[in-house]
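# Descriptive structure summary
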Amino acid sequence: MSNETHVQTQGTGRVITRFGAELLVQCADGTSLRCTTKRKLDNVACGDWVEWQSNPTGTARIDKILPRKNDITRSTYRGKPRTIAANVDQLLIVSAWLPVPIWELVDRYLIAAERLSADAVIIMNKSDLSGLATDVDWQALADYEAIGYSIMHINALDDASGEQLNEVMRGKTNILLGRSGVGKSSIANKIMPDAEILTSDISGSGEGRHTTTTANLYELSDGAYLIDSPGVRDYALDNLSEIQLANGYREFKPYMNQCKFSNCTHNHEPQCAIRAAAEAEEISPRRYERYLAALNSM
């Protein structure tokens with residue numbers, strides 16, 4: 001019987017992080033592997049599933065990006081789109097009672113979730129300050145719940161919030177989104193104290209440790225993952241078309257084919273079914289007014 005140890009020479013894995021021309025991939029057996037990629041696969045990103053092949057004389061190579069569920073892109077300073085994360089299952093949209101909620105921004109994050117075909121959970125942090133909420137704020141949350149979005153009320157400083165977050169993240173690849181000051185960092189710290197920080201496997205030379213700009217994949221408990229970086233947390237849609245904006249409002253969809261004109265913007269056109277639904281309060285007139293404001297600012 002041979003005593004030779006079988007060494008895997010190829011396989012599939014998931015990209016943990018990217019640092020320049022090199023990437024770190026988590027293999028099926030849980031180990032991590034440094035890889036390079038072909039120039040034609042330059043858009044490979046954190047969260048991608050890939051096929052890799054070992055190289056006896058150097059770093060392993062990524063040969064193929066497997067089909068994506070979705071991807072998140074941001075424009076570079078040159079205006080070129082760059083993929084920063086892929087295969088996201090759920091957006092954790094963080095707001096708080098202080099700074100005061102900006103529901104227009106929450107709407108925009110929900111549009112992103114609809115475009116990604118991802119779940120969305122609205123997290124109201126700093127629940128101890130809920131006395132600052134106005135009737136308008138409570139109505140906004142009720143409007144979201146009425147169209148099927150989940151709302152969580154937490155205080156990221158309480159231990160119980162970690163259990164709540166772990167439950168909603170279970171079995172999914174998640175990202176945190178929200179404006180500055182709402183407590184995204186506190187929530188991330190609550191989620192990840194016992195996480196396996198996969199990026200610790202990057203070489204001790206310091207190469208590629210640009211954690212302020214690079215998205216990293218963190219493995220949590222119960223099959224949950226978090227893709228996180230400041231660039232991901234501050235992600236916001238840009239360059240939306242009128243059609244993409246309207247498609248991001250899930251409550252509009254049952255009415256869209258009922259408008260008189262196929263290119264209806266649901267603003268001033270006659271016989272607009274969505275405007276009629278808002279006037280009859282079949283859909284939230286408050287959400288509709290925010291849609292109009294977003295449309296008119298394009």
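What comes next is a walk through the structure. (Residues numbered from 1 in each chain as written. Predicted model: local features only at pLDDT ≥ 70, side-chain atom pairs only at ≥ 80, totals over all residues. Heavy atoms only, no water.)

Here helix α8 (residues 285-296) is 12 residues long and its end C-alpha atoms lie 16 Å apart, about the 16 Å a rise of 1.5 Å per residue gives. Within α8, the full set of buried residues consists of Arg 287, Tyr 288, Arg 290, Tyr 291, Leu 292 and Leu 295. On its buried side, α8 packs onto α1 (103-116), α2 (135-146), α6 (242-247) and α7 (273-279). For α8, the capping residue at the N-terminal end is Ser 284, with a side-chain oxygen 3.2 Å from the backbone nitrogen of Arg 286. (Helix = DSSP H or I, 4+ residues; strand = E, 2+ residues; numbered from the N terminus. Expected span 1.5 Å × (residues − 1). Buried < 20%, exposed > 50% of the residue type's maximum accessible area, 1.4 Å probe, protein only. Contact = heavy atoms within 4.5 Å. Polar contact = N/O pair within 3.5 Å; in protein donor to acceptor, adjacent residues only side chain to side chain.)

Before going further, it helps to spend a moment on the packing of aromatic side chains. Here the structure, examined in full by the defined rule, presents 6 aromatic pairs. Ring centres of Trp 97 and Trp 138 lie 5.1 Å apart, and the angle between their planes is 50 degrees; this geometry places the pair in the tilted category. With Trp 97 in the loop between β8 (90-96) and α1 and Trp 138 in helix α2, the pair connects residues that are 41 residues apart, well separated along the chain. Residue Trp 138 is classed as partly exposed on the basis of its relative accessible area of 38%. Grouped by ring-pair contacts, the aromatic residues Tyr 249, Phe 252, Tyr 288 and Tyr 291 constitute a single cluster. A cation sits over an aromatic face here: Arg 14 above Tyr 225, 5.5 Å from the ring centre. Above the plane of the ring of Tyr 149 lies Arg 250, whose end atom (NZ or CZ) is 3.9 Å from the centre. (Phe/Tyr/Trp six-rings, centres within 6.5 Å; stacked < 30°, edge-to-face > 60°. Lys NZ or Arg CZ within 6 Å of the ring centre and 35° of its normal.)

All told, the structure shown has 18 salt bridges when counted by the stated rule. Across the salt bridge formed by Asp 71 and Arg 68, the nearest N and O atoms sit 3.7 Å from each other. The class for Asp 71 is partly exposed, based on a relative accessible area of 32%. The partly exposed category is assigned to Arg 68, whose relative accessible area is 24%. Here Asp 107 and Arg 287 are joined by a salt bridge, their closest N and O atoms 2.9 Å apart. One end of the pair, Asp 107, is in helix α1; the other, Arg 287, is in helix α8, with 180 residues separating them in the sequence. Given the relative accessible area of 1%, Arg 287 is considered buried. One salt-bridge network, held together by shared partners, links Asp 107, Glu 251, Arg 287 and Arg 290. (Salt bridge = Lys/Arg side-chain N within 4 Å of Asp/Glu carboxyl O.)

A separate point is the nonpolar core. With 56 residues, the main nonpolar core has Leu 91, Tyr 144, Ile 227 and Tyr 291 as its most contacted residues. With 8 residues, α1 is the single largest residue contributor to this core. Not counting chain neighbours up to four residues away, the residues in contact with Leu 91 comprise Tyr 109, Ala 112, Ala 113, Leu 116, Ala 118, Asp 119, Ala 120, Val 121, Ile 175 and Leu 177. Counting 20 residues, the second largest nonpolar core, distinct from the first, contains Leu 92, Leu 165, Val 182 and Ala 188. (Core = buried A, V, L, I, M, F, W, Y, C linked by side-chain atoms within 4.5 Å.)

Looking now at the pairing of strand β13 (residues 225-228). Side chains Tyr 225 and Ile 227 of β13 all project onto a buried face; the interleaved residues Leu 226 and Asp 228 project onto the opposite face, where all are buried too. Across 2 bridges, the pairing between strand β11 (residues 173-177) and β13 is parallel. Bridging across to β13, Asn 174 finds its partner in Leu 226. Across 4 bridges, the pairing between strand β12 (residues 216-219) and β13 is antiparallel. Paired with Glu 219 across the two strands is Tyr 225, which belongs to β13. Two successive antiparallel strands, β12 and β13, enclose a turn made up of 5 residues, where Asp 222 displays a positive phi of approximately 55 degrees. (Pairing = 2+ DSSP bridges.)

On to the packing of helix α3 (residues 159-169) against helix α4 (residues 184-191), then. Where α3 contacts α4, the two axes come as close as 9 Å, and the packing angle between them is 80 degrees. Comparing their axes, α4 and α3 come out roughly perpendicular. Two secondary-structure elements touch here, α3 through Asp 159, Ser 161, Gly 162, Leu 165, Asn 166 and Met 169 and α4 through Ile 187, Lys 190 and Ile 191. The residue inventory of the contact of α3 with α4, partitioned by class, reads 4 nonpolar, 3 polar and 2 charged. (Axes fitted to C-alpha atoms, helices over the stretch in contact; angles between N-to-C directions. Parallel < 35°, antiparallel > 145°, perpendicular 65-115°, else oblique. Nonpolar A, V, L, I, M, F, W, Y, C, P; charged D, E, K, R; others polar.)

Within the span of α3, buried status applies to Ser 161, Gly 162, Leu 165 and Met 169. All buried residues of α3 project into a common sector of 105 degrees when viewed along the axis, lining one side. More than 90 degrees from the buried face of α3, the exposed residues found are Asp 159 and Glu 163. Against the buried residues of α3 lie β8, β9 (119-125), β10 (150-153), β11, α4 and β13. (Arc of directions from axis to C-beta.)

With that settled, consider a nonpolar patch on the surface. Side chains of Leu 98, Val 100 and Leu 132 sit close together on the surface and give an oily, nonpolar patch of about 280 Å² of accessible area. Here Leu 98 is to be found in the loop between β8 and α1. (Patch = residues over 30% accessible without salt bridge, like charges linked within 9 Å, V, L, I, M, F, W, Y side chains within 5 Å. Areas by Shrake-Rupley, 256 points an atom, 1.4 Å probe, with all protein chains shown as cover.)

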